[in-house]
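# Report on the structure
If you want the building blocks of each chain, they are given just below.
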Amino acid sequence: MKKIAVFPGSFDPITIGHQEIVKRGLHLFDEIVIGIGGNTSKTSYFPVEKRFSFIEKVFANEPRVSVTVYEGLTIDFCKRMNASFIIRGLRTSSDFEFERAIAQMNYSMEPSIETIFIISGAEFSPISSSIIREILKNKGDVSKFIPSGIDLS
C-alpha cells in the first residue's frame, strides 16, 4: 500500500521552507499531495491560480508531488486523496502549540489519519509566508526566501 501524505496550507506564497519540508517528506512517503486550502481567517495576497502555478513549477521535476486546491476540512480532503498522513512543518514552539491542537482534533475526527511533524532546518525557522508578504508590500527583495525560478511580480 502506498504511503500518501497531504501537505496542506495556503502557500501564499510558497517559501524555501515549504520546499524543504516537501523534499524531506519524500524520504518518508511515496507521494505527497500539496493541498492549497482556503483559510477563512486569512485574506490571500496571491490568487489561488498563481499559488497553484508557483507550486507546480517548483515541483515540476518531481513526479511524486502533486498540487490540488481544496475547500473544507483537511481531514475530508485526505480521505478523497486516499492519504493516511498529514505533514506539518514546525518552525517554532508556538507553531507546535497551534499545530498540536489541530492534529488532536483531526485525530479525534479520523484516527486512521496520522499527523507527522517535520521540524524545519534552523536556517528556515525565520521564514514565513506572512513575513514574505510584508516584505513584498513594502517593495523589498524576497528572492532568497522563495524557491528559485518563481517570479512573484
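Presented here is an overview of the structure given in this document. Not measured: the values here are computed from a predicted model.

### Observations concerning the pattern of salt bridges
Summed over all chains, the structure comprises ten salt bridges. Two residues, Asp-95 and Arg-91, come together in a salt bridge whose shortest N-O distance is 3.5 Å. A single network of salt bridges, built from pairs that share partners, joins Asp-76, Lys-79 and Glu-110.

### Observations concerning the environment of Ser-44
Locating Ser-44 in the fold gives a position in the loop between strand 2 (31–37) and helix 2 (48–58). Setting aside anything within four residues of it in sequence, one finds Ser-44 in contact with Asp-12 and Arg-51. Polar contacts involving the side chain of Ser-44 include one to the side chain of Arg-51, which spans 3.2 Å.

### A short note on the pairing of strand 4 (residues 85–90)
Of all the six residues making up strand 4, five are buried; the element is thus mostly covered by neighbouring parts of the structure. Across two bridges, strand 1 (residues 4–9) lies against strand 4 in parallel orientation. Looking at the pairing, Val-6 lines up with Ile-86 of strand 4. In this structure, strand 4 lies alongside strand 5 (residues 114–119), joined through six bridges in parallel fashion. Note on strand 5: the bridge partner recorded for Gly-89 is Ile-118. In the classification by handedness, the crossover that spans strand 4, the intervening helix 4 (residues 93–109) and the parallel strand 5 is right-handed.

### Concerning helix 1 (residues 16–25)
Burial analysis of helix 1 places eight of its ten residues in the buried class, the great majority of the element. Of the positions making up helix 1, those classed as buried are Ile-16, Gly-17, His-18, Gln-19, Glu-20, Ile-21, Val-22 and Gly-25. Structurally, the start of helix 1 carries an N-cap: the backbone nitrogen of Gly-17 is 3.1 Å from a side-chain oxygen of Thr-15.

### Focus: the sheet that holds strand 4
Read across the open sheet, the five strands follow the order 3-2-1-4-5; overall the sheet is parallel. One side of each edge strand has no neighbouring strand; the edge strands of this open sheet are strand 3 (65–70) and strand 5. Each strand of the sheet is rotated relative to its neighbour by a mean of 30 degrees, with strand direction disregarded. Relative to strand 3, strand 2 runs parallel, the two sharing six bridges. Following the sheet pairing, Gly-35 is matched in strand 3 by Thr-68. Each of strand 1, strand 2, strand 3, strand 4 and strand 5 touches helix 1; the most contacted strand, strand 5, lies at about 120 degrees to it. Running at roughly 170 degrees to strand 3, helix 2 makes contact with strand 2 and strand 3 of the sheet.

### Quick notes on the nonpolar core
It is characteristic of soluble globular proteins that their nonpolar side chains tend to be buried jointly. Of all hydrophobic cores here, the largest spans 30 residues; its most connected members are Ile-32, Ile-34, Ile-55, Phe-59, Ile-87 and Leu-152. Those elements that place two or more of their residues in this core are strand 1, helix 1, strand 2, helix 2, strand 3, strand 4 and helix 5 (129–137). Setting aside its immediate chain neighbours within four residues, Phe-59 contacts Ile-14, Gln-19, Val-22, Ile-34 and Val-65. Core analysis: the next-biggest nonpolar cluster, separate from the first, contains ten residues, Val-33, Phe-77, Ala-83 and Ile-86 among them.

About the criteria used
- Residues numbered from 1 in each chain as written.
- Predicted model: local features only at pLDDT ≥ 70, side-chain atom pairs only at ≥ 80, totals over all residues.
- Heavy atoms only, no water.
- Salt bridge = Lys/Arg side-chain N within 4 Å of Asp/Glu carboxyl O.
- Helix = DSSP H or I, 4+ residues; strand = E, 2+ residues; numbered from the N terminus.
- Contact = heavy atoms within 4.5 Å.
- Polar contact = N/O pair within 3.5 Å; in protein donor to acceptor, adjacent residues only side chain to side chain.
- Buried < 20%, exposed > 50% of the residue type's maximum accessible area, 1.4 Å probe, protein only.
- Pairing = 2+ DSSP bridges.
- Right-handed = clockwise from strand over helix to strand, strands pointing away.
- Axes fitted to C-alpha atoms, helices over the stretch in contact; angles between N-to-C directions.
- Core = buried A, V, L, I, M, F, W, Y, C linked by side-chain atoms within 4.5 Å.

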